[in-house]
Amino acid sequence: MIKSNRLTKEQYEKNFADIHPPFETKEATLVEANRCLFCYDAPCTKSCPTSIDIPKFIKQITTDNIKGSAHTIFQSNIMGAGCSKVCPVEKLCEGSCVYNFMEETPVTIARLQRYSTEKAIEKNWQLFKRKASTGKKVAIVGAGPAGLSCAHVLSREGIDVTIYEKESKAGGLMTYGIAAYKVTPEFCKSEVDYITGIGGIEIKYNHALGQNVSMEELQKNYDAVFLAMGVGLARKIGIPGEELEGVVDAIEYIYRLRTNEYNALPVGDKVAVIGMGMTAIDAATQAKRLGAKEVTMVYRRSEAEKSCTQHELDIARLDGCATIWLAAPKEIVGKDGKVTALVCDVMKLGEPDSLGKPAPVATGETITLDVDMVIKATGQKPFEELVNANNVQNKYGKITIDNNATNIKGVFAGGDCVNGGKEVVDAVQAGKDGAKAILKFILNVEG
Ligand code: SF4
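Calculation criteria
- Residues numbered from 1 in each chain as written.
- Predicted model: local features only at pLDDT ≥ 70, side-chain atom pairs only at ≥ 80, totals over all residues.
- Heavy atoms only, no water.
- Near = heavy atom within 4 Å.
- Nonpolar A, V, L, I, M, F, W, Y, C, P; charged D, E, K, R; others polar.
- Domains from an automatic or database assignment.
- Contact = heavy atoms within 4.5 Å.
- Buried area = accessible area lost by both parts, 1.4 Å probe.
- Pairing = 2+ DSSP bridges.
- Helix = DSSP H or I, 4+ residues; strand = E, 2+ residues; numbered from the N terminus.
- Axes fitted to C-alpha atoms, helices over the stretch in contact; angles between N-to-C directions.
- Buried < 20%, exposed > 50% of the residue type's maximum accessible area, 1.4 Å probe, protein only.
- Polar contact = N/O pair within 3.5 Å; in protein donor to acceptor, adjacent residues only side chain to side chain.
- Core = buried A, V, L, I, M, F, W, Y, C linked by side-chain atoms within 4.5 Å.

Caption draft 1: How the structure looks around the site of the ligand. If you check the shell around the ligand, you find Cys36, Leu37, Cys39, Pro43, Cys44, Pro55, Cys97, Val98, Val107 and Ile109 and nothing else. The residue makeup of the shell around the ligand, split by class, is 10 nonpolar, no polar and no charged.

In structure tokens:
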């Protein structure tokens, strides 16, 4: 049965407490910082999409220069605090730390990054000064990581930025699409306030492109436009039963969790999650932590092809979520309009497909899971209609760019709306790249 209010207040608090607690003492932080070997040509920096100078910021922690350390991080990544909580560091910086080759635990870079950046946000150390106004204005569509990162770089250069955000809060995926035990809504708000604290950035909430503001208005009233609206809801799987009560979209489910009290969100007794990416893991763990008795994740390929990291999968397993590999959803069965079962084709791996992964092929056998809720997490859909309506060149909804410029003069784009959905840290870098292209276009300077 799908119902809310399954746990006590204390249980919800325990289940949704910060999964990566900060260092307890300054001494513990210093011990960890001093483990860093300050490598020349540091592999950790090379594997960070925003190229944070990691040995430098860690060195600054060892000399108690926390402001300097935060500056080093924010210079490359203004969302360095949020990224320290949500980045899959095991496949990025920490996964490249030389300690891995010595069979020792890598330096806990994210935790150290969190130490400096959280302090900077808490104390509101504004470490960048806005240059004198250039009189130029830029409109950004979307106040997610790409939009905010672009806005901060532009504001630093004396550009006045207006962000048009369709939701009532900023932060995009960080605020609405990530498990609550990784980032709290309060943290997301303080990070956004910190970024806009530089000045020169106005966010117009509840303003959706194509509904509350048109592309023509933006082009007419601003010197350039940056499209950073991310991606939308999950793709339809295209199987019978998808419309039954109890079938939900993972992103929408996480959104509801992020915008309501925990006890208000209904969850089933037996939940199936379709997919094996980060959003699937977040949806599965949240369902379990909301009190679902059984959560089973199904994936049409084998464990070797999963798109989540091993660390993420371990979290789900520790939460008690089961996994079924090589199972492709075939039909959602219902009774009286409500979900009762998920039927899956049993698959085997065949020749590599266009993604280079072995293609799953149906064996002819099926399995049936008795479930009362199905969460779909099979990738998000770009805003194809919106970009087509505005004549922005795209490929199946993903905007086509050349050095961040779209086919329309003065209109630039970056982040998930271009690549279809990557990590938060990739969106931050895309925002920086977009700002660089815009600065060249409107001021003819290299950002
Ligand atoms: Fe420090 Fe590891 Fe980076 Fe080397 S690779 S600089 S030890 S964090």
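Caption draft 2: Seen up close, the domain arrangement of the protein. When the domains of the protein are assigned, the result is domain 1 (21–122), domain 2 (137–232 + 382–443) and domain 3 (236–379). Taking only C-alpha atoms into account, the centre of domain 1 sits 27 Å from that of domain 2. Each partner contributes to the interface: domain 1 provides 21 residues, whereas domain 2 provides 21 residues. Across the domain 1 to domain 2 interface the summed buried area is about 1,800 Å²; carbon plus sulfur atoms make up 75%.

Caption draft 3: Local environment of the sheet that holds strand β4 (residues 224–227). Strand order in the open sheet formed by five strands is β3-β2-β1-β4-β15, with parallel pairing between adjacent strands. Looking at which strands have only one partner, the edges of the open sheet turn out to be β3 (201–204) and β15 (411–413). On average, each strand axis in the sheet is inclined to that of its neighbour by 20°, with strand direction left out of account. Of the pairings in the sheet, the one linking strand β1 (residues 137–141) to strand β2 (residues 160–164) comprises five bridges and is parallel in character. Along β2, the bridge assignment pairs Val141 with Tyr164. Sheet contacts for helix α9 (residues 145–156): β1, β2, β3 and β4; angle to β2, the most-contacted strand, approximately 165°.

Caption draft 4: Spotlight on the sheet that holds strand β7 (residues 294–298). Read from one edge to the other, the open sheet built from five strands follows the order β5-β12-β6-β7-β8, with strand pairing classed as parallel. Because the sheet does not close on itself, it has two edges, and the strands there are β5 (247–249) and β8 (322–324). For this sheet, the mean angle separating the axes of adjacent strands, direction not counted, is 25°. Of the pairings in the sheet, the one linking β7 to β8 comprises three bridges and is parallel in character. Bridging across to β8, Met297 finds its partner in Thr323. Along the sheet, helix α14 (residues 278–289) makes contact with β6 (270–274), β7 and β12 (373–376), crossing β7 at roughly 170°.

Caption draft 5: Representation of helix α4 (residues 54–62). Turning to α4, its buried residues are Ile54, Pro55, Phe57, Ile58, Gln60 and Ile61. Looking at the buried side of α4, the elements it contacts are α2 (26–33), α3 (43–46), α5 (66–76), α7 (93–96) and α8 (109–122). Capping the start of α4 is the job of one residue whose side-chain oxygen sits 3.3 Å from the backbone nitrogen of Lys56: Asp53. The positive-phi residue at the C-terminal boundary of α4 is Asp64, with phi of around 65°.

Caption draft 6: Examining the nonpolar core more closely. One finds Phe57, Phe74, Ile140, Leu154, Ile163 and Ile438 to be the most contacted residues of the largest nonpolar core, which totals 74 residues. Here this core gets nine residues from one element, more than from any other, and that element is helix α18 (residues 424–443). Inspection of this core shows a minimum of three residues originating in each of domain 1 (21–122) and domain 2 (137–232 + 382–443). Sequence-distant contacts of Ile163, that is, excluding residues within four places in its chain, are made with Ile140, Gly142, Ala143, Gly147, Leu148, Ala151, Ile201, Glu202, Ile203 and Lys204.

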